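Now for the letters of each chain:
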Amino acid sequence: MGGLSSALGSLWATLSYWLDPFCGPIGIFSLFGGDGLLSCGNVGWADEIALGVKVTIILALITLPVGLLLGFLVALALQSEERSLRTAAGIYTTIFRGLPELLTLFIVYYGFQMMVQAVFSWFGSDQRVEINAFFAGMLALSVVFSSYCSEVLLSAFRAIPKGQYEAGNAVGLSRGRTMRLVIVPQLIRIALPGLGNLWMNLLKDTALVSVIGLTDILRQTGVATKVTKEAFLFYGIACALYLVLATLSSVGLNAISNWANRAEARR
């Protein structure tokens, strides 16, 4: 069993090296970085920048489903018949849409850490608590994303005729199955353009986590700039990388939109 795990680990390492789009044999920095500042290895900064790209993508991809789930729940609360739920959801969206994203990040990173420390102290423990920067960044971006997402989803909910709910009930579907089989597919199609814009904003907002020490694109290129004094080079690379990610996202969003609207296109 240990031999199989070792073999699989070796295979994964080999595939990761050959398929690495940055420092692999056919990676962009391997092909065009030369032996200077953009080379892979100990001489250049390509490895650090590649790590920053991976952290940025992973952070955005993990934040997206968390933010969507929170936004969906908040949107449900905003149209609830229970007044307390509507009030709580309204306060939530007002706060996190009104605060600057950077301030929200600081509140989550430092405030959450202080809150956990206070809880430990209340139980008589003097253990030092430090919140992981990746977790703090994901949580802060999630609540900001969800506050805007809830408004997009709320508008989509209101665009769906109430007769859809009544039709689901008429054919014997429970409220949950009506939501899952009838409402949500229409909701996705209606809300997709707005959610696509929010994804693009989320992708750019990941740059904020550099201020709390997370090794994203901006953090890595910023460190390289301070060491080499080549600000135009490395910040230009950061611009290019964000533009590439935005372009790839646009292609992916267009493909998802075409898939979601395939039934409309056949009419």
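(A) Broad picture of the pattern of salt bridges. On inspection of all chains with the given rule, the structure shows one salt bridge. In this structure, Arg 97 and Glu 151 form a salt bridge, with 3.6 Å as the shortest nitrogen-oxygen distance. You can see Arg 97 sitting in helix H4 (residues 83-98) and its partner Glu 151 sitting in helix H6 (residues 133-159), a full 54 residues away along the chain. On the basis of relative accessible area, Arg 97 is assigned to the partly exposed category, the value being 38%. Its relative accessible area of 26% is what places Glu 151 among the partly exposed residues.

(B) A look at the nonpolar core. Counting 52 residues, the largest nonpolar core has Phe 22, Ile 49, Leu 153, Ile 217, Phe 234 and Leu 241 as its most contacted members. Contributing elements (two or more residues each) for this core: helix H3 (46-78), helix H5 (101-122), H6, helix H8 (175-205), helix H9 (217-228) and helix H10 (231-260). Contacts of Ile 217, omitting those with residues within four sequence positions, involve Gly 52, Val 53, Thr 56, Ala 238, Leu 241, Tyr 242 and Leu 245. Ranked by size, the runner-up nonpolar core spans five residues in total, among them Val 74, Ala 77, Leu 78 and Ala 89.

(C) Seen up close, unusual backbone geometry. A positive phi angle, close to 65 degrees, is found at Lys 229, a residue other than glycine. Checked against the element boundaries, Lys 229 lands in the loop between H9 and H10.

(D) Representation of the environment of Leu 38 in the model. For Leu 38, the location among the structural elements is in the loop between helix H2 (28-32) and H3. Judged by its relative accessible area of 19%, Leu 38 falls in the buried class. When the C-alpha positions of Leu 38 and Ile 28 are compared, they lie 9.9 Å apart, and in sequence the two are 10 residues distant. For Leu 38, the residues in contact, after removing those within four places along its chain, are Phe 29, Gly 33, Ala 46, Leu 233, Phe 234 and Ile 237.

(E) A look at the side chain of Ser 150. With respect to the element layout, Ser 150 can be found in helix H6. Ignoring any residue separated from it by four or fewer positions in sequence, one finds Ser 150 in contact with Gly 71, Val 74, Ala 75, Leu 78 and Thr 93.

(F) Just the packing of H5 against H6, in detail. Contact pair H5 / H6: the axes reach a minimum separation of 9 Å and the direction vectors enclose 135 degrees. With respect to H6, the axis of H5 lies oblique. Considering the relative orientation of H5 and H6, their crossing is right-handed. Residues Glu 101, Thr 104, Leu 105, Val 108, Tyr 109 and Phe 112 of H5 form the contact with H6, whose own contacting residues are Ala 133, Phe 135, Ala 136, Gly 137, Leu 139, Ala 140, Val 143 and Val 144. Along the lines of polarity and charge, the residues of the contact of H5 with H6 split into 11 nonpolar, two polar and one charged.

Reading guide: rules and limits
Residues numbered from 1 in each chain as written. Predicted model: local features only at pLDDT ≥ 70, side-chain atom pairs only at ≥ 80, totals over all residues. Heavy atoms only, no water. Salt bridge = Lys/Arg side-chain N within 4 Å of Asp/Glu carboxyl O. Helix = DSSP H or I, 4+ residues; strand = E, 2+ residues; numbered from the N terminus. Buried < 20%, exposed > 50% of the residue type's maximum accessible area, 1.4 Å probe, protein only. Core = buried A, V, L, I, M, F, W, Y, C linked by side-chain atoms within 4.5 Å. Contact = heavy atoms within 4.5 Å. Axes fitted to C-alpha atoms, helices over the stretch in contact; angles between N-to-C directions. Parallel < 35°, antiparallel > 145°, perpendicular 65-115°, else oblique. Left-handed = near helix turned anticlockwise from the far one by under 90°. Nonpolar A, V, L, I, M, F, W, Y, C, P; charged D, E, K, R; others polar.

None of the figures reported here should be taken as evidence of function without further support.
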